[in-house]
Amino acid sequence: MPNNLALGKETLWSRRQLLKLGLCGTGVTGVAALWHMANAKSKSIVKVPALEIAAPEGVAQPMKMLRNFDYGTLKQENGRTIREFRLTAGTSVIQLNSAVSYNIWDLNGHIPGPTLRVKQGERVRILFLNNAGHSHSLHFHGIHSSDMDGIRPVSNGTATIYEFDAEPYGVHLYHCHIEPVTRHIAKGLYGMFIIDPPTPRPPADEIVLVMAGYDVNDDSHNEYYAFNGLPHHYMDNPIRIYKDQLIRLYVLNIIEYDPAVTFHLHANFFNVYRTGMTLTPSEKTDVITMGVAERHILEFAFRYPGKYMFHPHQDAIAENGCMGVFEVMNS
């Protein structure tokens, strides 16, 4: 995926310069707290089962990632509110199973990167520091000017700032856009970017599922697949939800080297909000096809308690790690 645009003057900073710049704004912790309180109040009727983390801490933390949204830090500058995020690219080793480890690039020490969440129309600022040994960048899906498009390389040990208004609302993503783009994404430099609509969606138990693959022998073919970083994790550690409660899945397919995959839910159907850019479902189904970088909101509720599988309907992808279970419990 060539970068054919002529690059203007680079806007890069050293770590020290970036830290100085980050301290220039005045934090508005009170405003941030108000939004978190408002979100909590709007979800007060939603019951979420207690989190059980069986796996040790590491670069992939699938159970924590399920319901963990990064709302950034609010700052006030020149009379305008800025929602600021800090993302640092680094290197890690992920243990895919008891026998296979793999060198990856990470964001803030995790794979996938944090799920960033903002409201439509907010001014967003991302302070990006590259400590990953190679040139990288962050490209955000959405609407912004060309100089914020994330195609300029950010060399190792330097930083840059991306700033834009959050639009349109929907489920989007961000990822590295340095050649070879497929390799840079597949090795871990990606994450989900949610822009909430002006009118909030109904309260629900909101869950993030990111499908990705691992090409561990560099043959442009994935040997392992995963939801939220670790193969088979949600088979061994089912996702607990409550019966008759609305579940809102934010699903992203970022599996490189496979042109498309499906997402299938057992014993149920879900409403599809394509790309999350609508408040009205386009269809109801139990399986949906997704190309690379495609993402949707899927909503459903289970009528009966029990354990129900979810997975792509391509057997090889599911059997090699991209498979999980919802454990539906009585409330």
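A few points on the structure. Remember, predicted model here, so these are calculated numbers, not experimental data.

Another aspect to go through is the overall build of the protein. Each helix and strand counted, the protein has 6 helices and 22 strands in total. When burial is assessed residue by residue, the protein has 52% of its 331 residues classed as buried. Taking the intrachain contacts of the protein between residues at least 6 apart in sequence as the baseline, contacts between residues at least 24 apart amount to 74%. Within the structure as shown, the protein displays about 14,500 Å² of accessible surface, and the carbon and sulfur contribution to it stands at 52%.

Time to look at the sheet that holds strand β14 (residues 239–242). With mixed pairing, the 5 strands of this open sheet are ordered in space as β14-β22-β21-β16-β19. Each edge of the open sheet is held by one strand with a lone partner, namely β14 and β19 (287–291). Sheet twist, expressed as the average angle between the axes of neighbouring strands with direction ignored, equals 25°. The sheet contact formed by strand β21 (residues 306–311) and strand β22 (residues 324–329) spans 5 bridges and is antiparallel. Its bridge partner lying in β22, Y308 is registered against F326.

Now for the pattern of salt bridges. Two side chains of opposite charge can pair, provided their charged atoms sit close to one another. Taken as a whole and judged by the stated rule, the model has 17 salt bridges. Between E206 and R117 there is a salt bridge whose closest N-O contact spans 2.7 Å. Taken together, the residues span a long stretch of sequence, with E206 in strand β12 (residues 205–214) and R117 in strand β6 (residues 116–119) at a distance of 89 residues.

Now for the environment of Q95. Tracing the sequence through the fold places Q95 in strand β4 (residues 80–95). Judged by relative accessible area, which is 45%, Q95 ranks as partly exposed. For the pair Q95 and P231, spaced 136 residues apart in sequence, the C-alpha to C-alpha distance is 9.8 Å. A distance of 2.9 Å separates a polar side-chain atom of Q95 from the backbone oxygen of N97. Side-chain polar atoms of Q95 contact the backbone oxygen of V100, separated by 3.5 Å.

Okay, the packing of aromatic side chains next. In the structure shown here, the tally under the stated rule is 17 aromatic pairs. Centroid distance F300 to F302: 5.6 Å. Interplanar angle 85°. Geometry classified as edge-to-face. With respect to burial, F300 and F302 carry one shared label: buried. One aromatic cluster in this structure is built from F227, F263, F270, F300, F302, Y308, F310 and F326. Taking NZ or CZ as reference, K47 lies 5.1 Å from the ring centre of Y242, over its face.

A few words now on the sheet that holds strand β18 (residues 283–285). Across the sheet, 6 strands lie side by side as β13-β12-β15-β20-β17-β18; this open sheet has mixed pairing. Taken across any chain shown, the strands that pair with only one partner, and hence form the sheet edges, are β13 (224–227) and β18. Looking at each pair of strands side by side, their axes are set apart by 25° on average, direction ignored. Across 3 bridges, strand β17 (residues 270–274) lies against β18 in antiparallel orientation. Residue pairing for β18: F270 is matched across the bridge by T285.

About the criteria used
Residues numbered from 1 in each chain as written. Predicted model: local features only at pLDDT ≥ 70, side-chain atom pairs only at ≥ 80, totals over all residues. Heavy atoms only, no water. Helix = DSSP H or I, 4+ residues; strand = E, 2+ residues; numbered from the N terminus. Buried < 20%, exposed > 50% of the residue type's maximum accessible area, 1.4 Å probe, protein only. Contact = heavy atoms within 4.5 Å. Areas by Shrake-Rupley, 256 points an atom, 1.4 Å probe, with all protein chains shown as cover. Pairing = 2+ DSSP bridges. Axes fitted to C-alpha atoms, helices over the stretch in contact; angles between N-to-C directions. Salt bridge = Lys/Arg side-chain N within 4 Å of Asp/Glu carboxyl O. Polar contact = N/O pair within 3.5 Å; in protein donor to acceptor, adjacent residues only side chain to side chain. Phe/Tyr/Trp six-rings, centres within 6.5 Å; stacked < 30°, edge-to-face > 60°. Lys NZ or Arg CZ within 6 Å of the ring centre and 35° of its normal.

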